[in-house]
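# Survey of secondary and tertiary structure
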Amino acid sequence: MAFGWGKRSKPGDNALASSLENEKNKSEIILNAIADGAVLVDSRGVIQAFNPAASKITGWPASEAIGLDHHSVLTLTNEKGEPYADVDNPLTQILKDHKEIKNNTAMIKTRSNTSAALSLILSPLVTKDNIFIGAVGVFRDVTAERGEEKQRADFISTASHEMRTPVAAIEGYLALAMNDKVSHIDSKAREYLEKAHISTQHLGQLFQDLLTAAKSEDGRLTSHPVVVEVGGFIEELASDMRFAAEKKGLQMEYVIGSQSSNILDAKAEQRVLRPFYYVLVDPDRIREVMTNLFDNAVKYTEAGKITLGLTGDDNVVQIFVRDSGEGIPAEDIPHLFQKFYRVDSSITRTVGGTGLGLFICRKIVELYQGRIWVESTPGQGSTFYINLPRISSEAAMQMKSKESNQIVNPSLPTTL
Ligand code: ADP
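The sections below set out a description of the structure shown in this document. Every value quoted in this text rests on a predicted model; they were computed, and no experiment measured them.

### Section: the overall build of the protein chain
A tally of regular secondary structure across the protein chain gives 14 helices and 15 strands. Sorting the 416 residues of the protein chain into buried and exposed places 40% on the buried side. A separation threshold of at least 6 residues defines the contact pool for the protein chain, and within that pool the share at least 24 residues apart is 58%. Carbon together with sulfur atoms contributes 54% to the accessible area of the protein chain, which is approximately 23,800 Å² in total.

Okay, here's the thing in structure tokens:
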């Protein structure tokens, strides 16, 4: 195999025509001309080809980069500029797992020691007999785009923060105006004020969601992870959620492993024996996720039941929220966890929402190295799943005793 991306061919008109007859030259022309960096590494991680755009982004001429280990040339770091450990380094990962990787958070340290934000796609190269022979990386300098994104996020976050205060004041005064002990209003005025109150609450929720979404995008979402036993945590949540479901005439069920208990029957609940599922998360954040999934299940279900479930294995704790509602069309599912995405259906047109809830859920779950996804059959219902890394009971006990030492030992700083 010969790799010549580093050498720029200089075809004249005739030369171009003749070179186009040759497939290899065609690929070379494309690789030399495109603005995206392209690199080919062999299965040992040694660079075998490097196009001019890759040289421009990294500062390494192809003649020097080719033949070197990828670590020396493509010094990748995380978004904070910290060098990747080998397990997190996308290039090391593809050489180990042989699976495609898309990464939009990595940065690169160039040869002159400046940093550039990258959008990177790595694809494995395999022979017909499925033998891994190397990987191709295509990357683009997205420093300017990320800077603009940050400015937009900063604007949204400042604006929504500033707007929450007057909205809270309006909501407060409307509540006072509707309070019999404070004001006297006729029934027509009450009807208008109630509508204004509901709209103000939606507006307040929108600003709150915008603020949380902006924070989650630039890593400012506060999180104080502690050891949480998910079974007990969900049971507590489930009893609060029961009222919202009942109000809409929906049944509610809590399923642990293959066992189920009607959460209205507290005794049945106590009889169920279940393993302890420990995770390391901020309970307030996971409560936000669960509440949002549950509120959606209620909002988008006209009749039937909502099931909260908990299961897992040695490594993973799985929580799910299942409903018997309208379901989600297959073509909408890939977009559901993006910002502002709402399915266009008769129910979403009548039921209020911001389209930010699932985006925030995904950001929170990813904060704890978890995964969130949905499976749905239109007309039959949807199940939203969350997988979180499980920690063993022994590790959980050790962490818990450390946590309680920090609280009782006054010499150690505490977070207020
Ligand atoms: P919203 O504020 O619109 O509820 P979300 O981000 O929470 O925003 O949800 C995005 C969209 O996903 C919703 O508008 C709805 O179309 C769809 N969706 C979410 N949960 C469900 C569900 N349980 N059943 C059917 N559709 C759902």
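### Quick word on the packing of aromatic side chains
Per the counting criterion, the structure on display carries four aromatic pairs. Measuring from ring centre to ring centre gives 5.9 Å for Phe320 and Tyr385, while their planes differ by 50°; the resulting arrangement is tilted. Highlighted residues: Phe320 in strand S13 (residues 316–323) and Tyr385 in strand S15 (residues 381–389), separated in sequence by 65 residues. Judged by its relative accessible area of 8%, Phe320 is buried. On the accessibility criterion, Tyr385 (12% relative accessible area) is buried. Ring plane angle 70° and centroid distance 6.2 Å describe the contact between Phe337 and Phe384, whose orientation is recorded as edge-to-face. Residue Phe337 is found in the loop between S13 and helix H12 (346–350), and its partner Phe384 is found in strand S15; the two are separated by 47 residues along the sequence. With respect to burial, Phe337 and Phe384 carry one shared label: buried. Ring-pair connections join several aromatic residues into one group, and the members of that group are Phe320, Trp373 and Tyr385. For the cation-ring pair, Arg111 lies above Trp60, with the distance from its terminal atom to the ring centre recorded as 4.1 Å. Note that Arg371 overlies the ring of Trp373, its terminal NZ or CZ placed 4.0 Å from the centroid.

### Quick notes on the site of the ligand
In the vicinity of the ligand there are 21 residues, among which Asn296, Asp323, Arg342, Thr354 and Leu358 approach most closely. Within the contact set of the ligand, an oxygen atom lies 3.0 Å away from a side-chain nitrogen or oxygen of Lys299. At a separation of 2.8 Å, an oxygen atom of the ligand approaches a polar side-chain atom of Tyr300. Relative to its unbound accessible area of 530 Å², the ligand is 98% covered by the protein chains. Going through the elements one at a time, helix H11 (283–299), helix H13 (357–367) and S15 are the ones with two or more residues in the shell around the ligand. When residues in the shell around the ligand are grouped by element, the largest group, four residues, is from H11. Here the shell around the ligand is composed, by residue class, of nine nonpolar, nine polar and three charged.

### Quick word on unusual backbone geometry
Located in the positive-phi region is Phe340, a residue other than glycine, with phi close to 65°. Accessibility expressed as a relative area gives 48% for Phe340, which makes it partly exposed. Phi is positive for Gln369, close to 55°, though the residue is something other than glycine. With respect to the helices and strands, the residue Gln369 is situated in the loop between H13 and strand S14 (371–377).

### With respect to the packing of helix H9 (residues 230–247) against H11
It is at 11 Å that the axes of H9 and H11 come closest, and there the two elements cross at 35°. The way H9 lies across H11 gives a crossing that is right-handed. Of the residues in H11, those touching H9 at Phe233, Ile234, Leu237, Met241, Ala244 and Ala245 are Pro283, Ile286, Arg287, Met290, Thr291, Phe294 and Val298. A class-by-class count of the residues in the contact of H9 with H11 yields eleven nonpolar, one polar and one charged.

### Topic: the packing of H11 against H13
Where H11 contacts H13, the axes come no closer than 9 Å and their chain directions differ by 145°. Between H11 and H13 lies a crossing of left-handed hand. Of the residues in H13, those in contact with Arg285, Ile286, Glu288, Val289, Asn292, Leu293 and Asn296 of H11 are Gly357, Leu358, Ile360, Cys361, Ile364 and Val365. Split into classes, the residues belonging to the contact of H11 with H13 amount to eight nonpolar, three polar and two charged.

### Structural notes on the pairing of strand S6 (residues 115–126)
With three bridges joining them, strand S4 (residues 101–103) and S6 adopt antiparallel strand pairing. Counterpart to Lys102 in the pairing with S6 is Ile121. Alignment of S6 against strand S7 (residues 132–141), held across nine bridges, turns out to be antiparallel. Bridge pairing links Ser123 to Val136 in S7. Connecting S6 to the next strand, S7, in antiparallel fashion are five residues, including Asn130 with a positive phi near 65°.

### A word on helix H7 (residues 143–177)
Under the 1.5 Å per step criterion, the end-to-end length of H7 is 51 Å for 35 residues, consistent within 8% with the ideal 51 Å. Of all the bends in H7, the greatest, near 25°, is centred on Arg164, and the proline Pro166 appears no more than four residues after it.

### Section: helix H6 (residues 90–97)
Restricting attention to buried positions, one finds in H6 the residues Pro90, Leu91, Thr92, Ile94 and Leu95. On the buried face of H6, the contacting elements are strand S1 (37–42), helix H5 (70–73), strand S3 (75–77), S4, S6 and S7. N-capping of H6 is provided by Asn89, with a side-chain oxygen placed 2.9 Å from the backbone N of Leu91. Immediately downstream of H6, the backbone of His98 shows phi near 60°, a positive value.

### Re the pattern of salt bridges
Overall, the coordinates contain 16 salt bridges when judged by the stated rule. A salt bridge links Glu288 to Arg285, with the shortest nitrogen-to-oxygen separation between them at 2.5 Å. Here Glu288 pairs with Arg285, and both are found in helix H11, just three residues apart, close to one helical turn. Glu288 gets classed as partly exposed once you look at its relative accessible area, which sits at 32%.

What counts and how
- Residues numbered from 1 in each chain as written.
- Predicted model: local features only at pLDDT ≥ 70, side-chain atom pairs only at ≥ 80, totals over all residues.
- Heavy atoms only, no water.
- Helix = DSSP H or I, 4+ residues; strand = E, 2+ residues; numbered from the N terminus.
- Buried < 20%, exposed > 50% of the residue type's maximum accessible area, 1.4 Å probe, protein only.
- Contact = heavy atoms within 4.5 Å.
- Areas by Shrake-Rupley, 256 points an atom, 1.4 Å probe, with all protein chains shown as cover.
- Phe/Tyr/Trp six-rings, centres within 6.5 Å; stacked < 30°, edge-to-face > 60°.
- Lys NZ or Arg CZ within 6 Å of the ring centre and 35° of its normal.
- Near = heavy atom within 4 Å.
- Polar contact = N/O pair within 3.5 Å; in protein donor to acceptor, adjacent residues only side chain to side chain.
- Nonpolar A, V, L, I, M, F, W, Y, C, P; charged D, E, K, R; others polar.
- Axes fitted to C-alpha atoms, helices over the stretch in contact; angles between N-to-C directions.
- Left-handed = near helix turned anticlockwise from the far one by under 90°.
- Pairing = 2+ DSSP bridges.
- Expected span 1.5 Å × (residues − 1).
- Bend = angle between axes of the 7 residues up to and from the residue.
- Salt bridge = Lys/Arg side-chain N within 4 Å of Asp/Glu carboxyl O.

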